Amino acid sequence: MTAGLAKASKQSAGENKKAVFSALAARFGDRFSVSQALREQHANTLTWLGCEPPDAVVFAESEAEVSDVVKLCAAARMPIIPFGTGTSLEGHVNAPFGGLSLDVSRMNRIVAVHEADLDCVVEPGVTRKQLNDHLRDSGLFFPVDPGADASLGGMAATRASGTNAVRYGTMRDSVLGLSVVLADGSVIKTGGRARKSSAGYDLTRLLVGSEGTLGIITSLTLKLYGIPETILSAVCPFASIEGACNATIAALQMGLPLARIELADEVQIRACNAYSHLSLPEVPTLFLEFHGTAQSAREQVETFAQIARGEGGEDFKWAERPEDRSRLWQARHDAYWAARGLRPGAEVLSTDVCVPISALADCVTATRQDIDSLGLLAPIVGHVGDGNFHVMPLIDPAHPEERRKVQAFLDRLIERALGFGGTCTGEHGIGEGKISYLRAEHGSGVEVMIAIKKALDPLNILNPGKIFALACRASRGPGPC
Ligand SMILES: Cc1cc2nc3c(=O)[nH]c(=O)nc-3n(C[C@H](O)[C@H](O)[C@H](O)COP(=O)(O)OP(=O)(O)OC[C@H]3O[C@@H](n4cnc5c(N)ncnc54)[C@H](O)[C@@H]3O)c2cc1C
């Protein structure tokens, strides 16, 4: 820490905010800002939760800078909200207690690619598309693909997944090791480059999905995969949403090695047609991808076509040319923006649940019936190969009763998913938006989570007000949780 920072850290709590900010301004220059527009941009929730801006934003460019910022904030008991690209959907980057948004997007170096070992080391601000562009000529790729071009640090922090998870797993499966700055500014390394290890507690898995509440990720070691010889994409409309789900279940139960299987209901297809200039039949539809050798990929397509026909699937179309595949998948990745286009000016709740695959058809069908009986406009899309689906109710802000209906719908959706043995979120995380559902899912396990949080962050300065509603008097009145 520089002399200026050290001096600032000794100030009394009440005076600290000013002292911390002047120390940060001196150290970081124009990489520190209190501009209102920048603060609001760093708390943009992309969903119906309100924006709670931090008091300031700082852009770190190295692990040493992250560590210095954390030491300074710890001394001042000031909340720190790590920020990657701000695409999380449950109010994760909001600052309900004020404090500092610590933006790591400029820590975007790809440190090493070990082609022979199929792994790489990256800084947390590298985005998934940046990594794949870098890897293109090596014949390798990184498979986890949330709809947004999110940072890999943010993706690890939310335990993200995407369309490839049915074949390649989620961030839980993809992260081999991490470097992390803890709440006192010290740095630890977790995991390593070995494919497996039985050495002690699995701190990597603890930190993946911790939403910036236990530490700040400054480096990630990630698994990579070879780009398959043949990739075939297909689209298959169904007479009913139940048929589409049943075809998914049957394909998985017979062990078909699907690389991607995504559901979009008729409302979402209408949105995609309008937004992405497509002319798909406006019925429940599965988007699929098959990876393998030329022969095995074609065999998979044929097997799936047979399954689909038995479940009311029609007019099964497949594409091999990269440009046709990209167009199809871009439409799927743009589903959120397409859905918003159905009702310009509406607020949107983008929620996700996940159930065991045998319960998928029942859970999705009951959810669609609930939406229809409430008269809501709410497309359903999903990574159905994992039993994971999203619902996006569009809410007119001028009608508070719509909000109430959507809240009741959300409560029932989660109760239904838990009733089937599922989870209140398969990939978006808890953030602020799902705090109230955590205990219903984990019971007294939540106490263990809180004990871990208190052990690693006794002052509750790391992203307070997320995952749990622990009392926090930090920054706008400091104190431990
Ligand atoms: C159009 C759209 C489609 C999406 N589709 C998917 C999807 O298919 N699957 C999916 O899983 N998600 C999806 N999401 C949600 C979002 O993209 C993911 O949650 C993503 O992982 C967030 O990454 P980020 O870089 O934007 O993180 P941010 O939003 O910046 O941060 C998310 C959380 O991680 C913490 N964090 C960020 N960086 C770090 C770090 N270096 N160290 C510690 N904590 C950190 C933050 O404090 C915050 O709690 C989608 C979002 C949008 C807008």
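In short, a report on the structure. None of these values were measured; they are calculated from a predicted model.

## Regarding the overall build of the chain
Move 1: When its secondary structure is counted, the chain shows 18 helices and 20 strands.
Move 2: In summary, the chain has a C-alpha radius of gyration of 23 Å against a globular reference of 23 Å for 481 residues, a match within 12%.
Move 3: Along the three orthogonal principal directions, the C-alpha set of the chain runs to about 70 × 60 × 40 Å.
Move 4: By residue count, 57% of the 481 residues in the chain fall in the buried class.
Move 5: At a minimum sequence separation of 6, the contacts of the chain that also span at least 24 residues come to 71%.
Move 6: Surface exposure of the chain reaches about 19,000 Å², of which carbon and sulfur atoms provide 52%.

## Quick word on the environment of Asn94
Move 1: Note on placement: Asn94 falls in the loop between β3 (80-83) and β4 (100-103).
Move 2: Measuring from C-alpha to C-alpha, the distance between Asn94 and Phe83 comes to 9.8 Å, with eleven residues separating the pair along the chain.
Move 3: Excluding its chain neighbours within four sequence positions, the residues that come into contact with Asn94 are Ala43, Thr45, Gly50, Cys51, Glu52, Ile81, Glu432, Asn463 and Lys466.
Move 4: Of note is the side chain of Asn94, whose polar atom sits 3.0 Å from the side chain of Glu432.

## Notes on a nonpolar patch on the surface
Move 1: Nonpolar side chains collect at one region of the surface, where Tyr201, Leu203, Leu206 and Leu456 lie side by side and expose about 410 Å² of accessible area between them.
Move 2: Relative accessible area serves as the criterion here: at 32%, Leu206 is assigned to the partly exposed category.

## Regarding the environment of Thr230
Move 1: By secondary structure assignment, the location of Thr230 is in strand β12 (residues 230-237).
Move 2: Given the relative accessible area of 6%, Thr230 is considered buried.
Move 3: Residues Thr230 and Ala297 lie 67 residues apart in sequence; the distance between their C-alpha atoms is 6.7 Å.
Move 4: At a separation of 3.2 Å, a polar atom in the side chain of Thr230 contacts the main-chain amide nitrogen of Ala294.

## Some details on the pairing of strand β19 (residues 388-391)
Move 1: The alternating pattern of β19 places Asn388 and His390 on one face and Phe389 and Val391 on the opposite face, and all of these are buried.
Move 2: Pairing analysis gives four bridges linking strand β17 (residues 351-354) to β19, with the strands arranged antiparallel. Pairing of Thr351 across the sheet is with Val391, part of β19.
Move 3: Bridge analysis of strand β18 (residues 380-383) against β19 gives four bridges, and the strand direction is antiparallel. In the sheet register, Val381 faces β19, and the bridge partner there is His390.
Move 4: Taken together, β18 and the strand that follows it, β19, pair antiparallel across an intervening segment of four residues, in which Gly387 is found at a positive phi of about 75°.

## Some words on the sheet that holds strand β1 (residues 32-33)
Move 1: Taken in spatial order, the four strands of this open sheet run β1-β2-β4-β3, and their pairing is mixed. The outermost strands of the open sheet, each flanked by one partner alone, are β1 and β3.
Move 2: Taken together, the four bridges between β3 and β4 define a ladder with parallel strand orientation. Residue pairing in the sheet places Ile80 in a bridge with Leu100 of β4.
Move 3: Against the sheet, helix α4 (residues 63-76) makes contact with β2 (56-59), β3 and β4, and its axis sits at roughly 170° relative to β4, the strand it touches most.

Cut-offs and rules
- Residues numbered from 1 in each chain as written.
- Predicted model: local features only at pLDDT ≥ 70, side-chain atom pairs only at ≥ 80, totals over all residues.
- Heavy atoms only, no water.
- Helix = DSSP H or I, 4+ residues; strand = E, 2+ residues; numbered from the N terminus.
- Rg over C-alpha atoms; globule rule 2.2 N^0.38 Å.
- Buried < 20%, exposed > 50% of the residue type's maximum accessible area, 1.4 Å probe, protein only.
- Contact = heavy atoms within 4.5 Å.
- Areas by Shrake-Rupley, 256 points an atom, 1.4 Å probe, with all protein chains shown as cover.
- Polar contact = N/O pair within 3.5 Å; in protein donor to acceptor, adjacent residues only side chain to side chain.
- Patch = residues over 30% accessible without salt bridge, like charges linked within 9 Å, V, L, I, M, F, W, Y side chains within 5 Å.
- Salt bridge = Lys/Arg side-chain N within 4 Å of Asp/Glu carboxyl O.
- Pairing = 2+ DSSP bridges.
- Axes fitted to C-alpha atoms, helices over the stretch in contact; angles between N-to-C directions.

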